[in-house]
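# Close look at the chain arrangement
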Amino acid sequence: MKLGVVGLPNVGKSTLFNAITNAGAQAENYPFCTIEPNTGIVPVPDHRLDVLAEMYHPKKVTPAIIEFVDIAGLVRGASRGEGLGNKFLSHIREVDAIVHVVRCFEDDNIIHVDGSVDPMRDIETINLELIFADMETVQKRREKAEKSFRGGDKKAADEAGLAERLYAHLESGKPARTLECTDDEKQIMYSWFLLTTKPVIYAANISEDDLGKDEKEIPFVVRVKEAASAEKAEVIVISAAIEQDIASMSAEEKKEFLEELGIGQSGLDRLITASYRLLGLISFLTAGEDECRAWTIVKGTKAPQAAGKIHTDFEKGFIRAEVVPFEQLTENGSMAACKEKGLIRSEGKDYVMKDGDITLFRFNV
């Protein structure tokens, strides 16, 4: 999974990226400091792996990973190539979802590119640039479909009709993902690689002083949540400055610090949870003395395709999956105990994987 971290200059985007990836991207206080996208690979926290490691004492523990891409800040006119617009848009096309960092704090020492703090204006600035870029794409698709229809391609009529509806939807300032359409139309739309079909998580970046407050008491956050609700997006409230402090702590220090703040989870943990939910992702696990590992799949994936995540040969020669839910394994203490009690299920090609399945794939090539 690849998440693109975006935002206007000086909203805390690169500070947040540095904190959650320890990748050392530049974060100086001036626009366009981030020019080429910095990339960081982040392990997905999963307490189940810790339990399996205690049980198996493996040579290696391998968590699932998320790739974060810190994408250059943009300004109005990016869709026309202003600033670093063209690079910004091309980098967004390559990610699975967008983490849009929105500044929700006042600070006279940090200059806002528009001269004042207004999260709604910031959201609109970036959204409109993505919409303008999509309008250009949809217009080209419509012209191509109309030409094909005149040439006798009846399927092109459906595509042209969808393009016309979608263009009007975008023109009204709404992202493509909010257009009501059939599953077939969604498939057509996704084949166009539009920017505004990508899922969005708004990271409302608050000050250290506001951390721990009821979110309803932070007006900027309330407005971001209202905007997100209207466009089917997620919101997490985060303090990039605090995340930067947490990034340098040991696991024990981090736990104590979060308890003192009364926030339970770090921003990164909440961001990953929101990302998984937004993209419909789950993890299954494999366990043994050599390695305990988490594997990320899309919810609804069947056993052979899940096996293929480990190795293509596993999918080609799939025979069965031996499965026990994580909870049953921990309740009984070992795979041997689960086997004695008949708790290990033998599942075939039509089995839909569940989150937390401990799985051994049987295959023959």
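Since we're looking at a predicted model, the values are computed, not measured. (Residues numbered from 1 in each chain as written. Predicted model: local features only at pLDDT ≥ 70, side-chain atom pairs only at ≥ 80, totals over all residues. Heavy atoms only, no water.)

## Comments concerning a negative patch on the surface
There is a patch of like negative charges on the surface, built from Glu252, Glu253, Glu256, Glu259 and Glu260. Here glutamate 260 is to be found in helix H9 (residues 251-261). (Patch = residues over 30% accessible without salt bridge, like charges linked within 9 Å, V, L, I, M, F, W, Y side chains within 5 Å. Areas by Shrake-Rupley, 256 points an atom, 1.4 Å probe, with all protein chains shown as cover. Salt bridge = Lys/Arg side-chain N within 4 Å of Asp/Glu carboxyl O. Lys, Arg positive; Asp, Glu negative; His and termini not counted. Charge placed at Lys NZ, Arg CZ, Asp CG, Glu CD. Helix = DSSP H or I, 4+ residues; strand = E, 2+ residues; numbered from the N terminus.)

## Focus on the environment of lysine 354
On the secondary structure map, lysine 354 appears in the loop between strand E11 (345-347) and strand E12 (357-363). Looking at lysine 354, the relative accessible area reads 44%, which means it is partly exposed. Distance in space between the C-alpha atoms of lysine 354 and proline 325 is 8.2 Å, their sequence separation being 29 residues. (Buried < 20%, exposed > 50% of the residue type's maximum accessible area, 1.4 Å probe, protein only.)

## Quick look at the nonpolar core
By size, the foremost hydrophobic cluster in this structure holds 69 residues, and its most contacted members are Leu52, Phe68, Cys104 and Tyr202. What tyrosine 202 contacts, discounting residues up to four positions off in sequence, is His100, Val102, Ile123, Asn127, Val224, Ala228, Glu231, Ala233, Glu234, Val235 and Ile236. (Core = buried A, V, L, I, M, F, W, Y, C linked by side-chain atoms within 4.5 Å. Contact = heavy atoms within 4.5 Å.)

## Comments concerning the confidence of the model for the protein chain
Looking at the protein chain as a whole, its pLDDT mean stands at 86, while 89% of the residues score no less than 70. With pLDDT under 50 throughout, residues 23-35 is counted as low confidence; its partners more than four residues away or in other chains account for 38 contacts. (pLDDT = per-residue confidence, 0-100.)

## Details of the packing of aromatic side chains
Under the criterion given, the structure shown has four aromatic pairs. Cation over ring: arginine 103 sits above phenylalanine 105, and NZ or CZ is 4.8 Å from the ring centre. The ring of tryptophan 295 has arginine 293 lying over it, and the distance from NZ or CZ to the ring centre is 3.9 Å. (Phe/Tyr/Trp six-rings, centres within 6.5 Å; stacked < 30°, edge-to-face > 60°. Lys NZ or Arg CZ within 6 Å of the ring centre and 35° of its normal.)

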